[in-house]
Amino acid sequence: MALIKVLIIFVVILALLNKRLPLYLAMIFGSLLMIVMFRLPLATAGQTVMHTLTGWDVWSVNLAMYVISVLVYELDLRHRFEDAQRAMNGLMRDPRRSTSLACMLMQGPATVTICGGMVDTMAGEHLKNDEKAAVATYLRHIPEAMVPTFTGVIVACSISGISISSFFVWMIPMALLTLLAIYLVYLRRVPRTVGETGRSKKECVRLLLRSLWSLLLAIAVIIVFSLPTWAVVAVIAAVNALVEKFSAQEVRDALVKGFDLKSLLGITMTYVFKDLLILGGVIDVLPTYFEHLPIPAFLVLVILYAFGTLVAGSSAAAAAFIPLAYTMIPNGGAFLLALLMSVSFASSQLSPTHICTAIISDYFGVTFFATVKKLLPLFLLTVLIACGYYMLLTAVF
């Protein structure tokens, strides 16, 4: 019965999101349904909600996402992502590789159109527009499964208790395998061509470092020293503003435009929903529904995590299913988190709640579902590779 109730709640959330209701409102409705359907005592539910809203966990994530948005705005204001693209083109003689890596350096929904332009130039007539859209958004989002400047990674590591540095190391091979999947499905049809950039290798390295030193330094410090994301990025964003000689007005614009109320409310209400799931005993009960299935527990989690990401996005899936995952596989460690985040990354590209897929579809003049159709082979191959990678790691270590 608990499983049916949870499925009903998630279907309602999906329906609301499909009506373009903001994530925070969908999560509020989901939370209210949790209270009603599981008959949670109002006093206890209220205490749980207040504990979540006043807890440091949710506010540390919100603060991290705010300062990251400020830094990305600063980089975009000085056209640093476009400079990074030019640098990568000069460093590599194969446009397929340079374009892939340049797209992976981009952050923020607005940069997906920059990736679209790069993929369009690189692929030419060798790929159709819907295929270019699929390649562009897939390349752009590979780092979102592993880099600690993205919401999903911060939320997942926070909830699971896995250190960011350990998780990042084990995700590197998976990122390379995902690039291989994109090559096998699409990019192998694009011929290797060599273009002139007019810059020496040394000049290109300097341009790349000058463009993205702040972002690369933030990632390195977070991973190496395991420092809080919000603190590291806040300091680096302030230093970057000084280095780039921002005016007082530009600093004010960065601080204001970095504040995305809907996004922050979405994260907050996702945590509330997660804690109500725990209060209702869902996390403890669900494993009993699957323990007798003729498939391994990690495959059950793959199905649940893919479904959760399609319904409510990677952050919501992390909040809802990571506690369940480590209940079902207590010794899963970083290997299990790597599997789940890989599945979440692949699934999110197919979700109607994922704004970047809609943006890139519009950019190439194709429908959302045309892009999703071309994303399906990448999704299936990525999930297959992730499962194989998890099985290999658990067998060897």
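Refer to the preceding data block for the structure.
Quick notes on the rules
Residues numbered from 1 in each chain as written. Predicted model: local features only at pLDDT ≥ 70, side-chain atom pairs only at ≥ 80, totals over all residues. Heavy atoms only, no water. Helix = DSSP H or I, 4+ residues; strand = E, 2+ residues; numbered from the N terminus. Rg over C-alpha atoms; globule rule 2.2 N^0.38 Å. Buried < 20%, exposed > 50% of the residue type's maximum accessible area, 1.4 Å probe, protein only. Contact = heavy atoms within 4.5 Å. Lys, Arg positive; Asp, Glu negative; His and termini not counted. Charge placed at Lys NZ, Arg CZ, Asp CG, Glu CD. Core = buried A, V, L, I, M, F, W, Y, C linked by side-chain atoms within 4.5 Å. Salt bridge = Lys/Arg side-chain N within 4 Å of Asp/Glu carboxyl O. Axes fitted to C-alpha atoms, helices over the stretch in contact; angles between N-to-C directions. Parallel < 35°, antiparallel > 145°, perpendicular 65-115°, else oblique. Left-handed = near helix turned anticlockwise from the far one by under 90°. Nonpolar A, V, L, I, M, F, W, Y, C, P; charged D, E, K, R; others polar. Patch = residues over 30% accessible without salt bridge, like charges linked within 9 Å, V, L, I, M, F, W, Y side chains within 5 Å. Areas by Shrake-Rupley, 256 points an atom, 1.4 Å probe, with all protein chains shown as cover.

## Description of the overall build of the protein chain
Step number 1: Scanning the protein chain from N- to C-terminus turns up 20 helices and 0 strands.
Step number 2: A globule of 397 residues ought to have a C-alpha radius of gyration of about 21 Å, and the protein chain, at 21 Å, matches this closely.
Step number 3: Dimensions of the protein chain, computed from the C-alpha atoms along their principal axes, are close to 70 × 50 × 45 Å.
Step number 4: Looking at the 397 residues of the protein chain, the share that counts as buried comes to 54%.
Step number 5: The long-range share in the protein chain, meaning contacts at least 24 apart out of those at least 6 apart in sequence, stands at 80%.
Step number 6: Of the side chains in the protein chain, 28 bear a positive and 21 a negative charge, and the two mean positions are spaced by 4 Å.

## With respect to the nonpolar core
Step number 1: Counting 134 residues, the largest nonpolar core has Phe167, Leu336, Leu337 and Leu339 as its most contacted members.
Step number 2: Setting aside chain neighbours within four positions, we find Leu336 in contact with Leu301, Ala325, Tyr326, Ile329 and Tyr390.

## As for the pattern of salt bridges
Step number 1: A full pass over the atoms with the stated rule returns 8 salt bridges.
Step number 2: Here Glu250 makes a salt bridge to Arg78, at a shortest N to O gap of 3.0 Å. Of this pair, Glu250 sits in helix α13 (residues 248–257) while Arg78 sits in the loop between α4 (56–77) and α5 (80–91); the two residues are 172 residues apart in sequence, bridging distant segments of the chain.
Step number 3: For Lys374, the salt bridge is made with Glu131, and the minimal N-O distance between the two is 4.0 Å.

## Regarding the packing of helix α11 (residues 201–225) against helix α12 (residues 229–243)
Step number 1: The interhelical angle for the contact between α11 and α12, taken along N-to-C directions, is 155°, at an axis separation of 10 Å. By the angle between their axes, α11 is roughly antiparallel relative to α12. The two elements α11 and α12 meet at a crossing, and its hand is right-handed. Packed against α11, whose contacting residues are Trp213, Ser214, Leu217, Ala218, Val221 and Ile222, the element α12 presents Thr229, Val232, Val233, Ile236, Val239, Asn240 and Val243 at the interface.
Step number 2: Of the residues assigned to the contact of α11 with α12, the class counts are 10 nonpolar, 3 polar and no charged.

## Details of a nonpolar patch on the surface
Step number 1: A grouping of Met1, Ile4 and Ile8 is seen on the molecular surface, where their side chains present a nonpolar patch of about 310 Å² in accessible area.
Step number 2: One can find Met1 in the segment before α1 (2–18).
Step number 3: For Met1, a relative accessible area of 61% gives the class exposed.

## Quick look at the environment of Val147
Step number 1: Inspection of the secondary structure puts Val147 in the loop between α8 (129–141) and α9 (151–160).
Step number 2: Exposure remark for Val147: the relative accessible area of 9% places this residue in the buried category.
Step number 3: Counting along the chain gives 25 residues from Val147 to Ile172, while the straight-line C-alpha distance between them is 9.9 Å.
Step number 4: Setting aside anything within four residues of it in sequence, one finds Val147 in contact with Val153, Phe168 and Ile219.

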